[in-house]
Every structure is written in structure tokens, then in C-alpha cells.
Amino acid sequence: MKRVFLERYSGLGHSLTGNEKTRQALRVNTLKTTNEELVARLGSRGARLSRIGWLRNGFHVEESPFSLGASFEYLLGLYSIQEAAAQFPVEVLDPHPGEAVLDMCAAPGGKTTQIAAAMTNAGAVVAVDVSRERLYALENNLERCGVTNCLAYWEDANAMDFKGKQFDRVLLDAPCSGNYVADRSWFSKRTLKDVGLNAERQRELLGTAVKLLKQGGVLVYTTCSLEPEEDELNVQWLLDNNDLKLEGIEGPGSPALTEVFGNALRGEIARCRRFWPDETGTQGFFVARAVKR
Amino acid sequence: MRSLNEFLEAVGDKHIYEEELLKINTKRFSVGEELGNFMLDKRQLVYAGRYLGKTRREFLPSSILLEELSRVEGLNRIHVDAETAWLFVCGRDIFEENVRSAEGEFADGNAFLVMFGGSCLGYGVVEPFEGRLILRNVFDLGDFLRRER
């Protein structure tokens, strides 16, 4: 399938080798420390970090003489290991203290803890996930990072009874086909049929997300898929079926596609960001931000 | 120490009103009013607000509670060096001779928070072992790594 997918990317105007890599990155947990304190503390033990300019609290790991996934600082929750592109959607969501925020497909909780940190543990984060196994990891992350403003539920967000509650911001980090940068065996596991099935499921979740959003509320839709069916075509569907305004996103990556396999899409979709691995040095990613009118 | 309050008493802190806590299986949480407004179906709830700990054979405090306790004056604490601290988070007990300083009497049956560089790494109970005293490891932060295996 490698050839099939690479030809698709080429058809979208982007030549990839299929061997692009990302770099280890971490996010400073501002509930417990500051960027400066963590850099100094890890630096005193020989770990060298470099700031990722387009993230508030993101750093690349240049070198470390010890495992950053098993250090005192990690156990104390001073940081999380989180790939650079995966840190971007919550920055785009831009949650504030005192708000009500819904994280629809939350486990294993990297973005949930990032939301709580941006809110300084004030307000409410409702985290939902359908997988009990992955929720164990979310619970551990919430505890380790010192999150105290989160309610986590084991349920399919599409089936859940929210009892009329609506949210200031909704993050839909949708289950997706993923990408080859984050998973070396990706090409041997994925088919175009998977892409279609995921896109269908994502549209159901998008419909639910809009219903749960207050008027004027912000929806961030994100995937780590490079497939336009799960990205731009879903945003086109979202705009065609809901009264939303797509907002521009500052940051890395490219404007999203407005022509997919010969079909023209709404021009405003270019306001979304697409992370091509060879351009950003990250895994593939897609981020859209919309406001409910 | 089977309960939260037995644990708090053992390290020298005041009891809290357990009836006001939310129970999810063996876990105990404290949920403020603002967050409580988003309480939906409790049967689907797996985590809520400020996590305090869980009861197994003994009460296992959360790292959130440990961090809070590390800032409370007058509790039982021992301070250790980096090597002992690392062995402790790997699940090992602490021999008395490896305790650099103790706040509280390091005597059989007493419970102590284990401190390294201003951070609380867990807690243990003093017990006799082969003619000397050890702090038996009851809970340490290395549990985060062990539970993810």
C-alpha cells in the first residue's frame, strides 16, 4: 500500500518518500513548573532541550543521558512526552480559566492535560472516551500532571447523554487512520477502505460536537491523518451542514487543500493547517478551527 | 492503614470529612461545585476532580495528595539523597542509615512521607528488619511506570 498512498499524496501536489521522521519532543506542565525551571533542572542533569518556536511550552529533545520517560521530573509530572504537532491543536483551541471545555475523544489524555494546564485547573474539562483501556492511561496522566478540574467518562461521545450541557470550546481529536511517521508499520496496516470508514465516523462526531457547542463557542477539529477524506472533505461537509465560521490559524504547516483529486472545495478551507511531514519535521497533522454562529 | 483518614493521621495530618468525597470503586475524589455542574451519568464516570487515592490492601495516596501534603507544616517526613530516592521510586525500602534527616520520630509503626529536593516521592511505614529499622515502601511515584506495563 505504500506506493498507493504515496501516489495519492503526489496527486495532492506533495511528494513524500514515506521515510520522513519526527523528533522527540516534550511539553512543560505549567501547572507544576515553568519552561525556564524545567530546562534548567533537566539541563543540570545533562539533558539539552531546544524551544519549538511555534509552541508555548514545547521543546525538542536534543540529547539526554537518561530516559525522559522515566525520570524523577517525569514522575513528578513536570512535563509530558508529546510530539510537537500533537501539541498544536490545544494551542489553536486556546482554552481559558473558568470555561467549560469538552474533549470528545480524550484518551490517553495528552491534550486533556494540556487543556487543564492552559485553564490553570480553573473551570471544567469534560473528557470522554469509548475505550476503557485507553482511559486508564488518561487517569494516570491526569493524576501525574496534577489535574483537578476534569471529569472523565467512559462512553462513546456520540451516544452519551450530556443532559443539555453545552460547552465554550470543544476539541474533537478524532479517531483517524493515523500516518506513517508515527507508526513504522502503517503502510502495511492501512487501506483506503479504512479511510472511508473513519471519515464516516468522524462526520458523526463532528455533528455531535456542533450540537454540544454554545453559540459563539469554538470547535477545533484535528486528526493525525494525511488523507483528505478525513481532513478537508470533512471540513467541507461540516460547513455545508452547519452554521459555522471557519477561522484562520497562525502557525506552521501549509494552508489546507482547496482542490482534492480534481474537485474544488470552499476557498475558506485554506484557513485550516495541514502538516506535511517533510515541511514541518513532525508527523502528519490537520487542524481546523470554527466558531458556531 | 486502610482508609484515607488513617493515612492522614499516620503522617500527622488532620482528618477530612470522607462522607463528602466521591467514591468511584476504590478511589476517592473531591469535586468542587463548578465541576459538579458537569456531573452526568455517574456510572460512566472514571475520574473526577481532585483525586485523593485508593484503597487496596493499604491506602495508596494519589500523587496530587502527596504534593499537597509536602507543603503542610509539621508532618512526618524523611529526606533522602538522589541515590536512595531513585531506589525508593523503583519500589525499594529505605534503611535507617540512608535517611539524611527526619521530621518526626523514626520509630517502629510510624509513617513518613519520603522527600527528595522538596518533592514528595511517596510514603512508607517504619518496621524492624534484621535488627535495624527500615521504612517499608507502601507507595512511590514509580507506580506510574509500573501500572502502565
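Looking now at the interface of chain B and chain A. Many analyses report the size of an interface as the accessible area lost when the parts associate. Chain B puts 26 residues into the contact, and the matching count from chain A is 28 residues. Listed by contribution, the elements that provide at least two residues to the side of chain B that touches chain A are α2 (33-36), β3 (45-48), β4 (50-55), α3 (63-69) and α5 (143-147) of chain B. With four residues, β3(B) is the single largest residue contributor to the side of chain B that touches chain A. When the residues that make up the side of chain B that touches chain A are grouped by side-chain class, the tally is 14 nonpolar, six polar and six charged.

Residue and element names in this part refer to chain B. By the criterion of burial, strand β9 (residues 111-116) is predominantly enclosed, with six of the six residues buried. The two faces of β9 match: A111, L113 and M115 on one face and F112, V114 and F116 on the other face are all buried. Note: strand β6 (residues 77-79) against β9, three bridges, orientation parallel. When the sheet's bridge partners are listed, I78 is paired in β9 with V114. Pairing between β9 and strand β10 (residues 119-129): six bridges, direction antiparallel. Across the sheet, the residue bridging to L113 is Y123, located in β10. From the end of β9 to the start of β10, which pair antiparallel, there are two residues, and G117 there has a positive phi angle of about 55°.

Attention now goes to the nonpolar core. Generally speaking, soluble globular proteins have nonpolar side chains that are buried together. Formed by 121 residues in total, the largest nonpolar core has its most connected members in A:M104, A:A152, A:V170, A:L172 and B:V114. It is helix α4 (residues 84-93) of chain A that provides the largest number of residues to this core, a total of seven residues. Non-local contacts of B:V114, meaning those with residues more than four positions away in its chain, are made with B:I78, B:V80, B:F88, B:I94, B:C120, B:L121, B:G122, B:Y123 and B:G124.

This part takes up the confidence of the model for chain B. All names here are of chain B. Confidence in the prediction of chain B, expressed as mean pLDDT, is 93, and 99% of residues score 70 or more. For chain B, per-element mean pLDDT is lowest for α5, which scores 90, and highest for β3, which scores 98. Predicted complex metrics record ipTM = 0.94 and pTM = 0.96.

A few words now on the packing of helix α8 (residues 192-212) of chain A against helix α9 (residues 232-241) of chain A. All names here are of chain A. Packing of α8 against α9 leaves a shortest axis separation of 10 Å and a crossing angle of 35°. Pair α8 / α9 crosses with right-handed handedness. Here A199, Q202, R203 and L206 of α8 lie close against α9, whose contacting residues are L233, N234, W237 and L238. In the contact of α8 with α9, the residues fall into five nonpolar, two polar and one charged.

As a further point, take the domain arrangement of chain B. All names here are of chain B. Parsing chain B into structural domains produces domain 1 (4-68) and domain 2 (71-147). Spacing between the C-alpha centres of domain 1 and domain 2 amounts to 23 Å. Between domain 1 and domain 2, the contact holds eleven residues from the first and 14 residues from the second. Among the elements of the structure, β5 (59-61) and α3 are those that each provide at least two residues to the side of domain 1 that touches domain 2. Sort the elements by how many residues they give to the side of domain 1 that touches domain 2 and α3 lands first, with four residues. Residues belonging to the side of domain 1 that touches domain 2 are distributed by class as follows: five nonpolar, two polar and four charged.

Quick notes on the rules
Sequence order as written defines the numbering, with residues in each chain counted from 1. Key to labels: chains lettered from A, ligands numbered from 1, both in the order written. For a predicted model such as this one, the threshold for reporting local features is a pLDDT of at least 70, and the threshold for listing and counting side-chain atom pairs is 80 or more; totals across whole chains, interfaces and linings nevertheless cover every residue. Contact definition: two residues whose C-beta atoms, as placed from backbone geometry, lie within 7 Å. Per the convention used, a helix needs a DSSP run of H or I reaching at least four residues, while a strand needs a run of E reaching at least two, with both numbered from the N terminus. Under the grouping applied here, Gly and all other residues not named as nonpolar or charged are polar, the nonpolar ones being Ala, Val, Leu, Ile, Met, Phe, Trp, Tyr, Cys and Pro and the charged ones Asp, Glu, Lys and Arg. Backbone-placed C-beta atoms define the burial measure: a residue is buried with 20 or more other C-beta atoms within 10 Å of its own, exposed with 12 or fewer, and partly exposed in between. Here, any two strands with at least 2 DSSP bridges between them count as paired. Think of a nonpolar core as buried Ala, Val, Leu, Ile, Met, Phe, Trp, Tyr and Cys residues, each tied to the set through C-beta atoms within 7 Å. Per-residue confidence from the predictor is given as pLDDT, running between 0 and 100. For helices, the fitted line uses only the C-alpha atoms of the stretch in contact; every axis is such a line through C-alpha atoms, and the angle between N-to-C directions lies from 0 to 180 degrees. Take the far helix as your reference; a near helix turned counterclockwise from it by less than a right angle gives a left-handed crossing, and one turned clockwise gives a right-handed crossing. Domain start and stop positions are those given by an automatic or database domain assignment.

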